[in-house]
Amino acid sequence: MVRAQPLARLLLLCLTHLSPPGACDVAGGAGSVNSLPAAGSARLAPSFDAATPKNVTALVGKSAYLSCRVRNLGNRTVSWIRHRDLHILTVGGYTYTSDQRFQASHSPHTDDWTLQIKWAQQRDAGVYECQVSTQPVRSFFVTLHVVVPSARILGGPDLHVDMGSTINLTCLIQFSPEPPAYVFWYHEDEVISYDSARGGVSVVTEKGAATTSYLLVQDAAPADSGRYSCAPSNADLASVRVHVLNGERPAAMQTGSAGLSDSSRAIALLLVASLLHARLRSALLAS
């Protein structure tokens, strides 16, 4: 049983559902509104398109679009209701909330009724009901997920590597509806330059549902110790502290490849092989 709504809201919902005069009846428990069917009605009953997505994921701060496709609507009305507080958001093309982020849209001659939520916040997540003013009412439910993209470097928060080996870092960016436009790597507070005089620095970024960026620093030296961070365009940066060891063997000794998948190691080996090939070719040309 749902919670009771103010009488004014019930009357508003009843009137906007186009019931005949005097045919509105509050029944079925607190908060439920039913309208009596018109006599002699023989039109097709409204139905929802089962192919309409029932789960929608939106990026925090961006617009979320919840779709409801109703066939054979006739002169009935489509309303959007937020289940968290049973708040009527829209009725037809009108908005009945003071939160101007909510807006209903309907393209003429189509079956689509869309609820737009501008600048989505995490508190907007939850179930929304697309309701048609039939008797009894028919509903289609959409669950909104609002995600905050996150980044993490595998193997952290501390990574130990031997001097002269390769520092191999993997940054995983998740929970983003779209891949980041770019991923920057930092050593301490300086952007890592791939064409610096130090050399031996490579980056490979694979974009997809989850984006992975690999940083390789060859011939690790004590100067390469410190905090490394990856900073995607659509998420907060993630950091790990690298310790380049000169013969020490701590109990929690790890390697630069710790926590990497087989595909990650394959990419790392390919990068190393490419750099070695480039050095060999340069040596042959110089001889």
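Located above this text is the structure these notes cover.
Residues numbered from 1 in each chain as written. Predicted model: local features only at pLDDT ≥ 70, side-chain atom pairs only at ≥ 80, totals over all residues. Heavy atoms only, no water.

S.K.: For this particular structure, what's the right way to read the pattern of salt bridges?
M.R.: Oppositely charged side chains may form a pair once their charged atoms are brought near each other. What the rule picks out here adds up to 9 salt bridges. When the shortest N-O distance is used, the salt bridge between Asp189 and Arg227 registers 2.9 Å. On the criterion of sequence distance, the pair formed by Asp189 in the loop between β16 (183–187) and β17 (190–191) and Arg227 in strand β20 (residues 226–232) is long-range, its members being 38 residues apart. Members of the salt-bridge network, linked through shared partners, are Asp49, Arg69, Arg71 and Asp112. (Salt bridge = Lys/Arg side-chain N within 4 Å of Asp/Glu carboxyl O. Helix = DSSP H or I, 4+ residues; strand = E, 2+ residues; numbered from the N terminus.)

S.K.: How do you make sense of the pairing of strand β13 (residues 150–153) when you look at a structure like this?
M.R.: Along β13, the buried face is formed by Ala151 and Ile153; none of Ser150 and Arg152, which line the opposite face, is buried. Summarising the sheet, β13 and strand β15 (residues 167–174) pair through 4 bridges and their orientation is antiparallel. Its bridge partner being in β15, Ala151 is matched across the sheet by Ile173. (Buried < 20%, exposed > 50% of the residue type's maximum accessible area, 1.4 Å probe, protein only. Pairing = 2+ DSSP bridges.)

S.K.: Is there a simple way to think about the sheet that holds strand β14 (residues 158–162) in this case?
M.R.: Strand pairing within a sheet occurs via backbone hydrogen bonds; the two strands may be parallel or antiparallel. Ordered by their spatial adjacency, 5 strands build an open sheet running β14-β21-β20-β16-β17, and the pairing between neighbours is mixed. The two strands at the open ends of the sheet, each matched to only one other strand, are β14 and β17. Note: β16 against β20, 5 bridges, orientation antiparallel. Residue His187 lies in a different strand from β20, and its bridge partner there is Tyr228.

S.K.: Any chance you could explain unusual backbone geometry here in plain terms?
M.R.: Comment: phi is negative for the bulk of residues other than glycine, and the bulk of peptide bonds are trans. Here the residue pair Gln135 and Pro136 is connected by a cis peptide bond, since its omega of -5 degrees sits within 30 degrees of zero. In this fold, Pro136 is placed in the loop between β11 (126–132) and β12 (138–147). With phi around 55 degrees, Glu188 is a residue other than glycine that occupies positive phi space. When its relative accessible area of 31% is taken as the criterion, Glu188 is described as partly exposed. We note that Asp219 has phi near 50 degrees; this positive angle belongs to a residue other than glycine.

S.K.: What is the right way to read the state of the cysteines from this model?
M.R.: In protein chemistry, a disulfide is the covalent bond that joins the sulfur atoms of two cysteines. Inspection of the entire model under this criterion finds 2 disulfides. With its sulfur 2.0 Å from that of its partner, Cys68 forms a disulfide with Cys130. The S-S bond linking Cys68 to Cys130 shows a torsion near -75 degrees; that makes this disulfide left-handed. One end of the pair, Cys68, is in strand β5 (residues 64–71); the other, Cys130, is in strand β11, with 62 residues separating them in the sequence. Judged by its relative accessible area of 1%, Cys68 falls in the buried class. (Disulfide = S-S within 2.5 Å.)

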